[in-house]
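Commentary on secondary and tertiary structure
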Amino acid sequence: MSKDFSADISSRICKHMNDDHADAIVLYAKTFGGVTDANAAQMLSIDAQGMDLTAQVNGKAVSVRIQFDHVLADAEDAHQTLIAMVKQARVKAN
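- An unreviewed UniProt entry annotates the protein as DUF2470 domain-containing protein of Nostoc commune NIES-4072.

Okay, here's the thing in structure tokens:
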């Protein structure tokens, strides 16, 4: 993890995503993690290479690792990448 992408940044992003964008995390798990039966999900961590989620499928927790299409430079890059990914996931879902 680069100095620009610390554990504190990961914690902050995860808290924000879990508190305010739970629907987006489910879309990430379904679209990019291949867990098409997920009905809930949480972001556990995010780093410069990808994110770790846990998805709920039929009452069971499934670990999901999603690699990014590029190495994130910083928190702003993470923000923009997550927005682009949710937009892409919404298009694929419709």
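Details of the overall build of the protein
- The number of helices and strands found in the protein is three helices and three strands.
- The secondary structure elements of the protein, listed N-terminal to C-terminal, are α-α-β-β-β-α.
- Projected onto the principal axes, the alpha-carbon positions of the protein cover approximately 40 × 25 × 20 Å.
- Relative to its full complement of 94 residues, the protein shows a buried share of 39%.
- Partitioning the intrachain contacts of the protein with sequence separation of at least 6 by distance along the chain shows that 43% fall at a separation of at least 24.
- Put simply, the protein shows about 5,400 Å² of open surface, and 51% of that area lies on carbon and sulfur atoms.
- Here the protein contributes 9 positive and 12 negative side-chain charges, whose respective centroids are spaced 5 Å apart.

Regarding helix H2 (residues 22-31)
- If you check which residues of H2 are buried, you get Ala-24, Ile-25, Val-26, Leu-27, Tyr-28 and Ala-29.
- Buried positions along H2 lie against helix H1 (7-20), strand E1 (40-46), strand E2 (50-57), strand E3 (60-67) and helix H3 (75-93).

Here is what the cut-offs are and how they apply
Residues numbered from 1 in each chain as written. Predicted model: local features only at pLDDT ≥ 70, side-chain atom pairs only at ≥ 80, totals over all residues. Heavy atoms only, no water. Helix = DSSP H or I, 4+ residues; strand = E, 2+ residues; numbered from the N terminus. Buried < 20%, exposed > 50% of the residue type's maximum accessible area, 1.4 Å probe, protein only. Contact = heavy atoms within 4.5 Å. Areas by Shrake-Rupley, 256 points an atom, 1.4 Å probe, with all protein chains shown as cover. Lys, Arg positive; Asp, Glu negative; His and termini not counted. Charge placed at Lys NZ, Arg CZ, Asp CG, Glu CD.

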